[in-house]
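Analysis of the macromolecular model
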Amino acid sequence: MFLTGGLKSLLPHVLRRIIRCNRLSISNTSGIAEGYKQANIVILHKSLADEFEKFCRANDGPLPLLYRSKPGDLKCPPLSSDSDIRTDCLQYKIYEHGACTGSLKSLKEYSEQLKDMVTFYLGCSFSFEKAVQNAGIPIRNVEQKCNISMYKTTVPCYSVSTFCCNLVVTMRPIPESKLEAAVLATSELKEAHGAPIHMGDPGLLGIPDLSKPDYGDPVHLHPGDIPVFWACGVTGVEAVINCRAPLAFTHSPGCMFITDLKNDNVTVRSSREVPQVHCISQDPLHYSIVSAEAAQKIKTLETLIGIDPGDRGIIHLRCQDELLKACLSISHARSVLITTGFPTHFAYEPPEENDGPPGALAIAAMLQALEKEVAIVTDQRAMNLNKKIIEEAVQLGILNRPVPLLSYQRENANSALMFLCENGNPGRPRFDHLIAIERAGMAADGNYYNARKVNIKHLVDPIDELFLAAQTIPGITTTGVGDGGNELGMGKVKDAVKKHIKNGDVIACDVEADFTIVAGVSNWGGYAIACALYILSTCEIHDRYLRKAVGFPQLSKKMVWLLALPSVTKEEKLLKTLVRHRVRSGKTASLEMEVDGLPFYNTHSLMIEKLL
């Protein structure tokens with residue numbers, strides 16, 4: 001019997017012979033034949049082969065197709081010189097009408113049936129283990145001398161005919177400091193599943209308990225390790241089960257076919273292909289991936305909107321990369337709630353300023369284009385104004401459809417929880433992300449102030465309570481957009497507001513958001529969020545991570561997203577709508593009304609042109 005020692009360096013053809021002779025005392029092929037590609041195996045009747053190949057092509061993250069044999073062909077010339085698929089895996093599984101009916105060391109007794117069957121060789125993550133180790137990253141399952149952990153998820157694959165199933169993933173514990181190195185080491189090895197599809201809380205994939213894998217062995221995390229998940233070829237096994245073929249064979253999970261092909265190191269050539277990792281949530285823990293090129297574009301947006309035309313000292317409030325992290329979080333969200341409204345112009349009815357609603361609708365328009373659920377919550381006294389603005393935004397083509405308009409009032413201690421979650425259950429939030437843009441924020445004394453220290457509490461509904469409640473609800477992330485420090489969400493920078501902003505010791509908002517976007521004018525922040533979401537949606541690296549490497553790239557929808565971007569023409573129409581519904585002494589308000597002492601429309605036109 002051959003033991004595990006020395007198997008790392010044995011050539012594949014030698015290992016296959018040893019396996020063929022049933023002389024290995026190992027339970028899986030992880031950690032052996034380092035640097036060579038290994039393959040998952042699916043063997044189906046030839047009548048199902050074309051549809052299964054389409055299924056693989058449609059889900060090439062979990063099912064990268066290395067080779068498809070001809071019916072009855074027991075060899076795979078492109079992958080190995082002397083193989084026999086009946087004998088060259090450590091162990092096989094047999095499936096009849098979707099049920100596993102046994103484990104086998106050899107398929108020779110089924111040689112007659114195999115004459116009408118086709119073998120699919122699918123890439124395996126064991127192939128990238130050497131590249132990961134070369135990056136200085138430990139392979140915990142090899143250290144612990146066990147099989148890799150494999151889990152069924154709630155992520156549906158793209159279905160083709162009778163082939164439909166949820167994604168299966170492998171999990172590898174990776175030290176937090178090595179996350180980006182792990183992504184870099186694997187992202188270009190697409191025939192070995194490529195980059196991870198999730199980093200962080202397993203519950204976000206529908207995995208209830210890491211200690212109970214569906215296939216393989218539990219692998220223990222060391223202190224400081226993050227669970228990192230890659231698409232897995234055992235997805236093919238689930239597809240075989242669900243198609244209920246009369247007879248099918250697969251490898252036993254972890255017992256791969258070892259090829260003669262080396263995993264050549266791939267050099268990442270441009271910033272478009274260099275992935276970056278960013279933490280976007282602590283509860284639940286969640287990291288996202290974006291290309292360096294897309295990240296730099298968004299950082300440029302952040303710099304642009306940070307211009308301080310009013311010379312109020314907002315440079316001291318800025319937090320680096322908040323726009324990028326906020327938009328990565330929004331990109332992952334399913335349902336977004338936006339709030340806006342700052343009563344400042346008391347001579348008008350209602351007294352809302354122009355800053356806020358245009359930026360809010362710019363965000364809403366992009367979210368609609370990205371097929372996310374979006375709603376707006378505002379003050380009860382401003383409902384009619386916002387309703388009219390939304391209706392006309394639809395008529396003007398700025399919005400695809402009306403945005404649900406909500407109001408919030410505190411009735412009891414659980415009001416915020418009931419508003420944010422189904423039946424008040426924190427485990428079932430209605431929204432994944434809350435965005436406040438130019439929304440009056442509560443100060444430390446419980447009042448609301450404009451920039452001149454005027455208390456406007458009597459005009460403001462307690463929407464801050466939603467942001468405070470969100471801090472206690474796992475899965476809801478928040479973003480605040482402001483330009484003076486007295487806006488909802490600016491509590492994250494309240495010390496800087498008190499120190500550097502006029503009247504800051506009184507007006508500073510005390511309520512924090514997870515992400516704080518500081519702009520010269522708040523609407524600029526809204527336009528930047530819309531533009532950043534477009535950039536992320538057109539980033540191939542981020543798109544793949546969002547869809548968990550199943551289905552097809554979403555870039556075919558690029559024109560829809562492009563049409564949703566803010567523009568000078570759109571904002572001019574929206575501003576005219578906004579001022580038309582506000583009156584002063586019986587006269588329509590002017591389009592050139594000042595915001596924070598600045599000519600509103602001219603300033604916004606220039607910023608939109610810069611952002612685009």
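The shown structure was predicted, so the numbers you read here are calculated from the model rather than taken from an experiment.

The next point concerns the overall build of the protein chain. Scanning the protein chain from terminus to terminus reveals 20 helices and 24 strands. The principal-axis extents of the C-alpha atoms in the protein chain amount to approximately 95 × 50 × 45 Å. Relative to its 612 residues, the protein chain shows a buried fraction of 59%. Contacts in the protein chain between residues at least 24 apart in sequence constitute 75% of all its contacts with a sequence separation of at least 6. When the accessible surface of the protein chain is totalled, it reaches about 24,200 Å², and 50% of it is carbon and sulfur.

Residues of helix α1 (residues 12-20) that are buried include every one of P12, L15, R16, I18 and I19, and no others. Down the axis of α1, the buried side of the element spans an arc of 160°, and every buried residue falls inside it. Against β1 (36-45) and β12 (257-262) lie the buried residues of α1. Among the residues trailing α1, N22 stands out with phi positive, at a value near 60°.

Below, the discussion takes up the sheet that holds strand β17 (residues 405-407). Pairing in this open sheet of 6 strands is parallel, and the strands run β17-β16-β15-β18-β19-β20 from one edge to the other. For this open sheet the edge positions go to β17 and β20 (515-518), each flanked by a neighbour on one side alone. Going across the sheet, the axis of each strand differs from the next one's by a mean of 25°, ignoring polarity. Looking at chain direction, strand β19 (residues 477-482) and β20 are connected through 4 bridges and run parallel. By the bridge assignment for β20, G480 is matched with T516. Helix α11 (residues 383-395) rests against β16 (373-378) and β17 of the sheet, and its axis sits at about 165° to β17.

Let us now look at helix α9 (residues 322-332). Structural remark: α-helix, 3.6 residues per turn; residues separated by three or four positions point the same way. With respect to burial, α9 is a largely interior element, 9 of its 11 residues being buried. Among the residues of α9, E322, L323, L324, A326, C327, L328, S329, I330 and S331 are the ones counted as buried.

Okay, a nonpolar patch on the surface next. On the surface, M559, L562 and L563 cluster together into a nonpolar patch covering about 310 Å² of accessible area. On the secondary structure map, L562 appears in helix α18 (residues 558-564). Classification of L562 by relative accessible area gives partly exposed; the value is 38%.

So, about the packing of α9 against helix α16 (residues 522-537). Put simply, α9 and α16 touch, their axes get as near as 9 Å, and they point 65° apart. Both α9 and α16 take part in a crossing whose hand is right-handed. The residues of α16 that touch α9, namely those facing L323, C327, L328, I330 and S331, are A528, I529, A532, L533 and L536. By residue class, the composition of the contact of α9 with α16 is 9 nonpolar, 1 polar and no charged.

In this section: the pairing of strand β13 (residues 275-282). With 6 of 8 residues buried, β13 is to be regarded as a mostly interior element. Pairing geometry for β13 and strand β14 (residues 285-291), over 7 bridges, is antiparallel. In the strand pairing of β14, H278 is matched with S288. As consecutive antiparallel partners, β13 and β14 are separated by 2 residues.

Under the defined criterion, the tally for this structure stands at 29 salt bridges. D116 is paired through a salt bridge with K46; the nearest N and O atoms lie 3.5 Å apart. Of this pair, D116 sits in the loop between α3 (111-114) and β5 (117-123) while K46 sits in helix α2 (residues 46-58), and the two are 70 residues apart along the sequence. The class of K46 is partly exposed, set by a relative accessible area of 42%. The residue E373 makes a salt bridge to R334 at a minimum N-O spacing of 3.8 Å.

Bringing the side chain of D379 into the picture now. If you trace the backbone, D379 turns up in the loop between β16 and α11. Residues in contact with D379, not counting those within four places in the same chain, are R439, L459, V460, D461 and I463.

Entries for the protein chain in the domain assignment read domain 1 (12-262) and domain 2 (280-611). When each unit is reduced to the centre of its C-alpha atoms, the spacing between domain 1 and domain 2 is 44 Å. Facing 26 residues of domain 1, the contacting portion of domain 2 comprises 13 residues. The largest contributions to the domain 1 side of the interface with domain 2 come from I197, M199 and L204, which together make up 30% of the buried area. Here domain 1 is connected to domain 2 by 0 salt bridges. At the junction of domain 1 and domain 2, the tally comes to 9 residue pairs in polar contact (both at pLDDT 80 or more). Of all the elements in the fold, those that place two or more residues in the side of domain 1 that touches domain 2 are α2, β6 (149-156), α6 (179-186) and β8 (198-200). Per-element accounting of the side of domain 1 that touches domain 2 gives the leading share, 3 residues, to β8. Here the residues of the side of domain 1 that touches domain 2 sort into 16 nonpolar, 6 polar and 4 charged.

Take the packing of aromatic side chains next. What the rule picks out here adds up to 11 aromatic pairs. Here the aromatic rings of F52 and F55 are separated by 6.2 Å at their centres, their planes lie at 35°, and the arrangement is tilted. With a gap of 3 residues between them, F52 and F55 both fall in helix α2, about one helical turn apart. Each member of the pair, F52 together with F55, is buried. Aromatic side chains F52 and F163 sit 5.2 Å apart centroid to centroid with 65° between the ring planes, which places their arrangement in the edge-to-face category.

Moving on, we come to the pairing of strand β15 (residues 335-341). Most of β15 is tucked away, with 7 of its 7 residues classed as buried. Residue alternation in β15 divides its side chains into two sets, S335, L337, T339 and G341 and V336, I338 and T340, and both sets are buried. With 6 bridges connecting them, β15 and strand β18 (residues 433-439) associate as parallel partners. When the sheet's bridge partners are listed, T339 is paired in β18 with A436.

Moving on, we get to the sheet that holds β8. Taken in spatial order, the 7 strands make up an open sheet running β9-β6-β7-β10-β8-β14-β13, and their pairing is antiparallel. The sheet is open, and its two edges are formed by β9 (215-216) and β13, each paired on a single side. In this structure, β6 lies alongside β9, joined through 2 bridges in antiparallel fashion. When the sheet's bridge partners are listed, M150 is paired in β9 with Y215. Relative to strand β7 (residues 166-175), helix α7 (residues 235-243) is tilted by about 160°, and along the sheet it contacts β6, β7 and β9. The strands touched by helix α8 (residues 292-305) are β13 and β14; relative to β14, the strand with the most contacts, the crossing angle is about 95°.

Quick notes on the rules
- Residues numbered from 1 in each chain as written.
- Predicted model: local features only at pLDDT ≥ 70, side-chain atom pairs only at ≥ 80, totals over all residues.
- Heavy atoms only, no water.
- Helix = DSSP H or I, 4+ residues; strand = E, 2+ residues; numbered from the N terminus.
- Buried < 20%, exposed > 50% of the residue type's maximum accessible area, 1.4 Å probe, protein only.
- Contact = heavy atoms within 4.5 Å.
- Areas by Shrake-Rupley, 256 points an atom, 1.4 Å probe, with all protein chains shown as cover.
- Arc of directions from axis to C-beta.
- Pairing = 2+ DSSP bridges.
- Axes fitted to C-alpha atoms, helices over the stretch in contact; angles between N-to-C directions.
- Patch = residues over 30% accessible without salt bridge, like charges linked within 9 Å, V, L, I, M, F, W, Y side chains within 5 Å.
- Salt bridge = Lys/Arg side-chain N within 4 Å of Asp/Glu carboxyl O.
- Left-handed = near helix turned anticlockwise from the far one by under 90°.
- Nonpolar A, V, L, I, M, F, W, Y, C, P; charged D, E, K, R; others polar.
- Domains from an automatic or database assignment.
- Buried area = accessible area lost by both parts, 1.4 Å probe.
- Polar contact = N/O pair within 3.5 Å; in protein donor to acceptor, adjacent residues only side chain to side chain.
- Phe/Tyr/Trp six-rings, centres within 6.5 Å; stacked < 30°, edge-to-face > 60°.

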